[in-house]
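Descriptive structure summary
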Amino acid sequence: FSTHDAVIKLLGAHYAPFQILFFSVLLGFPLAALMLMHDKAESNLRPIHPGWVAVRTAAGVVTGTSAFYAFSVLPLAQVYAFIFAAQLLITVLSIPILGETVGVHRWAAVAMGLIGVLIVLRPGAEPLTLGHLAGLGAACGSAVVSVVTRKIGQEERSAVLMLYPMMAHVLLMGCALPFVYKPMPVEHLGLLAIVAAFGFAGGLCIIGAYRNGDAAII
């Protein structure tokens, strides 16, 4: 994801976040097709928990749109401060949604993490911008995605967890694309392919991680 984010930052100097997100997700569908071809599970793509899948999909769209915009207008260090803040929210959300126990040492880690975020962001040192709000939106959305993945990941297929957010991104970003589209040279399409491949691989890794460990620890 670090490589994925750095390439987004590079492309963000030339294109609108909606265009970058649309094509990066679109280029991920061949990878999804390969995954389905090698998936021997006798099942369909209908969610077992449609409500939670819908919540996760909506949170994923908020995360993707907000993060891509934040990367295009803010320094990477500031955006990552928000991304790290998502981990604090995951710890908090894991209590009511997952029923996990968070001990004193984890609460101390949350407090230290919050102090670190404040040191990087330096509230009041510069005006609050739409990019900062987008970073906060990405953190909140990411936390919801992570906790819901932990809640339903053991029962839902990886294909379901990957494809529904991808379809939502393509549909919604496709609606905005006519208003922001700029022609892209081949080398930039190659960079988008890197974003697609690394984002898809990272998504699968995160699903696997949350299936096998406590959300607060992950």
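Anything mentioned here points back to the structure above.
What comes next concerns the included structure. The shown structure was predicted, so the numbers you read here are calculated from the model rather than taken from an experiment.

Overview of the overall build of the chain
The secondary structure content of the chain amounts to nine helices and zero strands. Helices and strands in the chain line up, N terminus first, as α-α-α-α-α-α-α-α-α. Compactness check: the chain gives a C-alpha radius of gyration of 18 Å against a globular reference of 17 Å for 218 residues, within 12% of the reference. Referenced to the eigenvectors of the C-alpha coordinate spread, the extents of the chain come out at roughly 50 × 50 × 25 Å. Burial analysis of the chain (218 residues in total) assigns 45% to the buried set. Sequence separation of 24 or more characterises 91% of the internal contacts of the chain that already satisfy a separation of 6 or more. For the chain, the exposed surface amounts to about 11100 Å²; the carbon and sulfur share of it is 72%. Mean positive and mean negative side-chain charge positions of the chain (11 and 9 charges, respectively) differ by 2 Å.

Some points on the layout of surface pockets
Estimates place the volume of the largest pocket at around 1100 Å³. In terms of lining, the largest pocket is formed by 40 residues, of which the most central are Phe1, Thr63, Gly199, Gly203 and Ile206. Those elements that provide at least two residues to the lining of the largest pocket are helix 1 (2–11), helix 2 (17–26), helix 4 (50–73), helix 5 (76–98), helix 7 (130–152), helix 8 (158–180) and helix 9 (186–211). Looking at the lining of the largest pocket residue by residue, the class counts come to 25 nonpolar, 13 polar and two charged.

Things to note about helix 6 (residues 104–121)
The terminal C-alpha atoms of helix 6 lie 26 Å apart, and with 18 residues this matches the ideal 26 Å at 1.5 Å per residue to within 8%. Along helix 6, the residues that are buried comprise Arg106, Val110, Val117 and Leu121. Viewed end-on, helix 6 has its buried residues packed into an arc of 50°, placing them on one side of the element. Residues of helix 6 that are exposed and point over 90 degrees away from its buried face: Val104, His105, Met112 and Ile119. Those residues of helix 6 that are buried lie in contact with helix 5.

A short note on the nonpolar core
Side chains of a nonpolar character, in soluble globular proteins, are inclined to be buried together. Counting 37 residues, the largest nonpolar core has Leu11, Ile20, Phe22, Phe23, Phe71, Leu192 and Phe200 as the members making the most contacts within it. When residues of this core are traced back to their parent elements, those giving at least two are helix 1, helix 2, helix 3 (29–37), helix 4, helix 5, helix 7, helix 8 and helix 9. What Leu11 contacts, discounting residues up to four positions off in sequence, is Ile20, His188, Leu191 and Leu192. Ranked by size, the runner-up nonpolar core spans five residues in total, among them Ala81, Phe82, Ala85 and Leu121.

Observations concerning the side chain of Gln78
Note that Gln78 resides in helix 5. Take Gln78: its relative accessible area is 9%, and that puts it in the buried class. A polar atom in the side chain of Gln78 sits 3.0 Å from the side chain of His132. Non-local contacts of Gln78, meaning those with residues more than four positions away in its chain, are made with Val120, Leu121, Glu126 and His132.

A look at the environment of Arg106
You can see Arg106 is positioned in helix 6. Spatially, the C-alpha atom of Arg106 lies 34 Å from that of Ala196, the residues being 90 residues apart in sequence.

Points about a nonpolar patch on the surface
Together, Val92, Ile95 and Trp107 give the surface a local cluster of nonpolar side chains, amounting to about 240 Å² of exposed area. Here Ile95 is to be found in helix 5. Under the relative-accessibility criterion, Ile95 is labelled partly exposed at 35%.

A short note on the packing of aromatic side chains
Scanning the model with the defined rule gives three aromatic pairs in all. Members of the aromatic cluster, connected to one another through ring pairs, are Phe22, Phe23 and Tyr181.

Points about the environment of Val61
Along the chain, the position of Val61 falls in helix 4. Val61 gets classed as buried once you look at its relative accessible area, which sits at 12%. Measuring from C-alpha to C-alpha, the distance between Val61 and Val102 comes to 28 Å, with 41 residues separating the pair along the chain. Residues within four places of Val61 in sequence aside, it is in contact with Ala168, His169 and Leu172.

Conventions and cut-offs
- Residues numbered from 1 in each chain as written.
- Predicted model: local features only at pLDDT ≥ 70, side-chain atom pairs only at ≥ 80, totals over all residues.
- Heavy atoms only, no water.
- Helix = DSSP H or I, 4+ residues; strand = E, 2+ residues; numbered from the N terminus.
- Rg over C-alpha atoms; globule rule 2.2 N^0.38 Å.
- Buried < 20%, exposed > 50% of the residue type's maximum accessible area, 1.4 Å probe, protein only.
- Contact = heavy atoms within 4.5 Å.
- Areas by Shrake-Rupley, 256 points an atom, 1.4 Å probe, with all protein chains shown as cover.
- Lys, Arg positive; Asp, Glu negative; His and termini not counted.
- Charge placed at Lys NZ, Arg CZ, Asp CG, Glu CD.
- 1 Å grid on protein atoms, 1.4 Å probe; cavity = no way out; pocket = protein on both sides within 12 Å on 5 of 7 lines; lining within 4 Å.
- Points joined across faces, edges and corners; volume = space filled by probe spheres on them.
- Nonpolar A, V, L, I, M, F, W, Y, C, P; charged D, E, K, R; others polar.
- Expected span 1.5 Å × (residues − 1).
- Arc of directions from axis to C-beta.
- Core = buried A, V, L, I, M, F, W, Y, C linked by side-chain atoms within 4.5 Å.
- Polar contact = N/O pair within 3.5 Å; in protein donor to acceptor, adjacent residues only side chain to side chain.
- Patch = residues over 30% accessible without salt bridge, like charges linked within 9 Å, V, L, I, M, F, W, Y side chains within 5 Å.
- Salt bridge = Lys/Arg side-chain N within 4 Å of Asp/Glu carboxyl O.
- Phe/Tyr/Trp six-rings, centres within 6.5 Å; stacked < 30°, edge-to-face > 60°.

Function-wise, these values are silent; they only describe arrangement.
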